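Here is how the chains run, residue by residue.
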Amino acid sequence: MGRLTDDMAQLRRNIDGSRESRLAQQNARVSSVCSQIAGFAAARARDGQQDAYARAAFVTGNANDINRLLNDFRNNRRLAGQQAHEDRAAFVGNVSKDTRDLLGGFNADRRSMAERSSKDRSDFIANLTNGVAAFINEASQDRADAHAVFFGIAASKKKTVFPV
């Protein structure tokens, strides 16, 4: 029985050694997996924190950009409104000045035309008056001549008809 016992003891040692080796390898793998998981968790937490900071910076940057754009838009709109107001005021001023100039020219032309028309009417009336006076004088003279001729002929007929 000696040999069988030795062989069984040897087998038991080999099994125990294999088992211890397998347990050591298993413990090493578990430890390795645990350290990998811990490393992943730490990296995930670190990356999550960095991502949170990056997202916060991105949101803050976008908010700042939007506020800057809104301020630029408001300033540009205000400046454009002021420029448009000044342009409208200048346009209205120019139209007003041009209108006054046109009205002044129109009034001067109208006065000049009124003076010419008044002079022309006065000349026309004077010529008409002189023409009518000449016509009246001529008609009066013709009447007087006709009257003289008529009474002259009538007087001569009277003399012949009724001698005295």
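Residues numbered from 1 in each chain as written. Predicted model: local features only at pLDDT ≥ 70, side-chain atom pairs only at ≥ 80, totals over all residues. Heavy atoms only, no water.

Enquirer: Would you explain the overall build of the protein chain in this entry?
Expert: For the protein chain, the helix and strand inventory stands at one helix and zero strands. A compact globule built from 164 residues would reach a C-alpha radius of gyration of about 15 Å, whereas the protein chain, at 68 Å, exceeds it by more than 25%. Seen through its C-alpha atoms, the protein chain measures out along the principal axes to roughly 230 × 30 × 10 Å. The buried share of the protein chain, reckoned over its 164 residues, is 1%. Of the roughly 14500 Å² of accessible surface on the protein chain, a fraction of 60% belongs to carbon and sulfur atoms. The averaged location of the 19 negative side-chain charges in the protein chain is 5 Å from the averaged location of its 25 positive side-chain charges. (Helix = DSSP H or I, 4+ residues; strand = E, 2+ residues; numbered from the N terminus. Rg over C-alpha atoms; globule rule 2.2 N^0.38 Å. Buried < 20%, exposed > 50% of the residue type's maximum accessible area, 1.4 Å probe, protein only. Areas by Shrake-Rupley, 256 points an atom, 1.4 Å probe, with all protein chains shown as cover. Lys, Arg positive; Asp, Glu negative; His and termini not counted. Charge placed at Lys NZ, Arg CZ, Asp CG, Glu CD.)

Enquirer: Please explain a nonpolar patch on the surface as it appears in this structure.
Expert: The grouping of F124, I125, L128, V132, F135 and I136 at the surface amounts to a nonpolar patch, some 630 Å² of accessible area in total. Mapped onto the secondary structure, I136 falls in helix α1 (residues 2-161). A residue is classified by how much of its surface remains accessible, and I136, at 49% relative accessible area, is partly exposed. (Patch = residues over 30% accessible without salt bridge, like charges linked within 9 Å, V, L, I, M, F, W, Y side chains within 5 Å. Salt bridge = Lys/Arg side-chain N within 4 Å of Asp/Glu carboxyl O.)

Enquirer: Quick question: what am I supposed to make of the environment of F151 here?
Expert: Mapped onto the fold, F151 is located in helix α1. Separated by 121 residues in sequence, F151 and V30 place their C-alpha atoms 171 Å apart.

Enquirer: Would you mind going over the pattern of salt bridges with me for this structure?
Expert: A side chain with one charge can pair with a side chain of the opposite charge if their charged atoms come near. Tallying each qualifying case throughout the model produces five salt bridges. Taking the shortest distance from any N to any O, the salt bridge between K119 and D123 comes out at 3.0 Å. Residue K119 and its partner D123 are both found in helix α1; the two are separated by four residues, about one turn of the helix. For D123, a relative accessible area of 35% translates into the label partly exposed. Through salt bridges with shared partners, one network takes in D65, R68 and D72.

Enquirer: Honestly, the confidence of the model for the protein chain in this entry has me stumped. Any pointers?
Expert: Detailed reading of predicted coordinates is not advised where the pLDDT is low. Put simply, the protein chain has an average pLDDT of 87, and 92% of its residues get 70 or more. Segment residues 160-164 is flagged for pLDDT under 50; beyond a separation of four residues in sequence, or across chains, it makes one contact in the model. (pLDDT = per-residue confidence, 0-100. Contact = heavy atoms within 4.5 Å.)

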